[in-house]
Every structure is written in structure tokens, then in C-alpha cells.
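# Examination of the molecular architecture
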Amino acid sequence: MYGFEALTFNIHGGFLEAIVRGFRSGMLTTADYNNLSQCETLDDIKMHLSATDYGPYLQNEPSPLHTTNIVERCTQKLVDDYNSLLVQATEPLSKFLEYITYGYIIDNVVLIVTGALHERDVQELLEKCHPLGMFDGIATVAAAHNMAELYRLVLVDTPLAPYFSGCITSEDLDDMNIEIMRNTLYKAYLEDFYTFCKKLGGATGELMCDLLAFEADRRAVNITINSIGTELTRDDRRKLYSSFGLLYPYGHEELALCDDPDQVRAAVEKYPPYQPIFAKIEYGESQMLDKAFYEEEVKRLILTFEQQFHYAVFFAYVRLREQEIRNLMWISECVAQNQKNRIHDGIVMIF
Amino acid sequence: MRAADSSSWRHALLYISPYTFAAIGIAISIGVSVLGASWGIYVTGSSLIGAAIKAPRITSKNLISVIFCEAVAIYGVIVAIILQTKLESVTRDYQHTAESMRAGYSIFASGIIVGFANLVCGICVGVIGSSCALSDAQNSTLFVKILVIEIFGSALGLFGVIVGIIMSAQATWPKAT
């Protein structure tokens, strides 16, 4: 019932919503980023972070620090927050929280399959996986040689199983069709998540559908840009676009025909919400596009905190932490490699 | 009192004792008020507890929101007590006179007014109280501002109480001569 969530939302969601807002208030602010960008060594970074929510996690890290240590510990903080929310959540919030991790599961599966294809050590690959996307039996993914096998051996027991129906072929895995598999899975996942949020309705439905539509459009643009100059046909490309979002369906038709980044720009710029994103970057400069999209996403995610009695804050929190960890990784890398003047190119200020 | 047809609804309603109406009115006045108050308290309370985990300083300040909700239940109790003092016994002969019926209906109406005014007032205060707790946890300067909104919200219940008390003044029972 739209507009009346306030009456009943707090029965199951009020406590956790308040907690996630508490977590949000512990995120790094612009002042923190300014301090961090003054750091000379990774130990300085650790010292600055010790006053934030990351403090307890970095406390016992022995010197010398590495960027990977910092990122790993910070990710651990996100994972712990997420798990503490998940164990207290009831339906449908727990389902909602689980949906958030499916994206990470897809990434992990693809990571391992690609790694196995290039004959990398499975243990090494497992360490690189995002901890939110772990599931039992993830290591056996490496044993699969084609998609039917992958599905039958491993993924039939994971939540991804229903998404696989679109991409089961008995072809051998190679770089190209792994990428196609990733995008097909992601498309199915986004569509499923979208229907789920729509079914929840109310403010959750409204906000989440907007956020997911943005995500879907961003993926559509990225798929187009990445597939320019590859052997992916236009029809195949069209199949990878999710069937919702602002660009659906006419924008997708245009995107499917694009041959260079400037055409993509022309196609997407027709949609007013995306105009400011492209206004920030020069023609022919598609590397900056990622950052521009991240900035827009962060802006949208922060806005969800302006409304109460909905689940989108949980999604926003996980995504914002993710962005924060990306920022920390960039800062640490810059500090570690003595590229301090480039720090401000890569971070997206959150608060 | 005459009713056209002894098996009609009108007949049935007219022959319900005015004491029944009065008693139901009193029950609604307190019962529904308490429902509103408890609704408000759980909406506020669940957010308050969650928000207090990261910002423990808000707990004692935000008890005010809970007290505002509680006040709504107290209005209900007060009105219920006022209403029950209006009950007087009349002899069986006078029980269905126009004056007795009026007394019964006015206590009934007064109870409904107070009960439902307090129900929505409790929900209103509760929802604002929940937002108050969450925003106070983020930025303590917002507390006073939201408190003002909350006070206006809790005034709504008072309107119901005032009208209810005036209404119950209509309840006079026929004096046995």
C-alpha cells in the first residue's frame, strides 16, 4: 500500500533501518578524504583510518602494510556489517539482502572460470574473490569445461541457477563466451531483482526500480562501449541489454547500432537524466565515463537516505561502502606508488 | 418510544439500552487510544533502539517522543474516567426516554471521537518520533526542530479530547421524581 508503509514498516524493518543509518554515519567524509590524501605512507593511512569505523579492523595489521591488506580489512568491515544485518533480517528483507550479493556471486564465478581457463591456481583465485559472493563449492567451478557442465556441477545449487537458462550451451568456454555469460547472467539477475522490488512496492519499489534502472542503463552503455570492435554481432549485443530502464526499448535499438563511443554518447545524451554525465567528459574520452557514472550513482544512492521506511537504504549502504573501498584502494595505490598528485583523479567523494 | 415494526433494525437499535452505548463509548475511548499510543511507541521505539546503537547519546533525549505517544493513552484514560462519572442510574421506566437516549448516544459519540482522534494522533507522533530519532542520530541540531513538529502532531489528540469532553457534557440523565 503506497504511502502507508509508515504504519507497518517498523514491525520488521525499523530496527535494521536505524542500524544501517547508523552504519552510514560512520562512512568517510570529505574531511577524511582530504586528510587521507595528505598521507605519505600506508602507515599514515592506517593511522588516519584508526579514528574511523575501520579502526578496529586495521588495528592488528602488522607493518609493512600493503594496499591489498588495507582493502581486504576494509572489505571485511563491509562483510561483517552485511552479515550482522542479514542474521537479524526477516522476510522479505532477508531476501532483499540476499539479492544484493548475487551480483558478487556472478563476478566471482566469472573470475574463477576465467582464471581456470588461463591455468591459474584455484587457491590464489579464491583469495581474490569478493567475500560477499562466496558460496559452498565455489572452488569446484574451476573444474568445469563448458557451460552445461558448469551449471550441472556447481551452479544448480546456488541462487544463480534460474538465471542460467539463458546461456546454457555445450560450447567450450573461452574469453568471449565467458564475458557473454557474465552479461547474460547479470541481465537475468537485474531483471529478477527489478521484479522483486516492484512486487515489494511502495517507497522500496519506487526507489529501487530507479536505482536498478540506472544500473541497467549503465551496463547497457558499458556493454556497447566494450563490444565496439569485437566480433560480437549487433543482435547478440541487443540480447545482453536488460529489458527495463530508461533506455529500454528505443535507446537500446540505437545502442545496438553504435560503432564508436561518440555514437554511444549521441544515443544516450538524448535522455535528460544522463546528459550531465556526458557533459562532464570531453568527446573521445571514454575512460572517464566510468568515473562519471560512479559519481552519478553515488549521488542517487545518497538520495535514498532522504526517505524513510524502505529497503533501498540497505542496497545504498552496501554500494556506498563498495565505492568507499574503491576510493581507499585508489588512495593507497597512489600513496604506495608515489603518485600523490593523481589521488584526486580517482576518488568519488561520498559525503 | 414507538417503533413501526417490532422486527425492524430501527426497533432493535432503539431498544438497545443507552447504558450499552455509554459503556461501548467508554471502552472505545480508552481501548482505541491505547491502540494508537502503542502503535506510536513501537514505531518510535524500534527506530530509536536501532539508531541508539551507533549514537547512544540520543536515547534519553528521544524518550520525549515515547512520552508524547504515552500522553495519547493518558488522554484516553482521562476521558474514559470523565465519561464513566457521567453514568447515573435511572429507573427502568425512564430508561428509554429521549433524555436517557441522548445521554447514552453522547457518551458513545464522545468515546468514538476521543478514541479515533487519539489513534491517528498516536500514529502521527510515532512516525515523527521515529524520524526524529533517526535524524537526531545523524545531526543533533535537528532534534529541536523535529520536536516542534511532534508537538503540533500531539496537539491533534487534544482537539479530540476537548470536543469529546464538551460532547459528554450533553449527557444528562432524567431525574427520577
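What counts, and where the lines are drawn
Residues numbered from 1 in each chain as written. Chains lettered and ligands numbered in written order. Predicted model: local features only at pLDDT ≥ 70, side-chain atom pairs only at ≥ 80, totals over all residues. Heavy atoms only, no water. Disulfide = S-S within 2.5 Å. Buried < 20%, exposed > 50% of the residue type's maximum accessible area, 1.4 Å probe, protein only. Core = buried A, V, L, I, M, F, W, Y, C linked by side-chain atoms within 4.5 Å. Contact = heavy atoms within 4.5 Å. Buried area = accessible area lost by both parts, 1.4 Å probe. Salt bridge = Lys/Arg side-chain N within 4 Å of Asp/Glu carboxyl O. Polar contact = N/O pair within 3.5 Å; in protein donor to acceptor, adjacent residues only side chain to side chain. Helix = DSSP H or I, 4+ residues; strand = E, 2+ residues; numbered from the N terminus. Nonpolar A, V, L, I, M, F, W, Y, C, P; charged D, E, K, R; others polar.

### Quick notes on the state of the cysteines
All names here are of chain A. What the rule picks out here adds up to zero disulfides over all chains. Just so you know, Cys-197 is unpaired, no disulfide at all, and the nearest cysteine sulfur is the one on Cys-209, 5.9 Å from it. A residue is classified by how much of its surface remains accessible, and Cys-197, at 0% relative accessible area, is buried.

### Considerations on the nonpolar core
Residues and elements named next belong to chain A. Phe-96, Val-109, Phe-193 and Phe-314 are the most contacted members of the largest nonpolar core, which totals 102 residues. Setting aside chain neighbours within four positions, we find Phe-96 in contact with Phe-193, Phe-196, Cys-197, Leu-200, Met-208, Tyr-311, Ala-312, Phe-314 and Phe-315. Core analysis: the next-biggest nonpolar cluster, separate from the first, contains 23 residues, Ile-223, Ala-256, Val-264 and Ala-267 among them.

### A few points about the interface of chain A and chain B
Each partner contributes residues to the interface: chain A has 19 residues there, and chain B has 16 residues. Carbon and sulfur atoms supply 61% of the area buried between chain A and chain B, which totals about 1,400 Å² over both sides. Of all residues in chain A, the largest losses of buried area upon contact with chain B belong to Leu-7, Asn-10 and Phe-15 of chain A, amounting jointly to 36% of the total for that side. Taken together, chain A and chain B are joined by one salt bridge. Our count for the chain A to chain B interface comes out at nine residue pairs in polar contact (both at pLDDT 80 or more). When contributions to the side of chain A that touches chain B are tallied by element, the ones reaching two or more residues are α1 (5–12) and α2 (14–25) of chain A. In terms of residues, the side of chain A that touches chain B owes the most to one element, α2 of chain A, which gives 10 residues. The residue inventory of the side of chain A that touches chain B, partitioned by class, reads eight nonpolar, six polar and five charged.

### A short note on the environment of Cys-124 of chain B
Residue and element names in this part refer to chain B. Structurally, the position occupied by Cys-124 is in helix α4 (residues 98–138). The partly exposed category is assigned to Cys-124, whose relative accessible area is 25%. A sequence separation of 29 residues divides Cys-124 from Gly-153, and the C-alpha atoms of the two residues are 6.3 Å apart.

### Concerning unusual backbone geometry
All names here are of chain A. Residue Pro-92 is bonded to the preceding Glu-91 through a cis peptide linkage, with omega at -5 degrees. For Pro-92, the position within the fold is in the loop between α6 (67–88) and α7 (93–117). In the segment running from Tyr-248 into Pro-249, the intervening peptide bond is cis, with an omega of -5 degrees. Positionally, Pro-249 belongs in the loop between α12 (234–240) and α13 (250–257). Backbone geometry places Glu-119, a non-glycine residue, at a positive phi of 55 degrees. Looking at the element boundaries, Glu-119 is found in the loop between α7 and α8 (122–128).

Function cannot be inferred from these measures alone, as they are strictly geometric.
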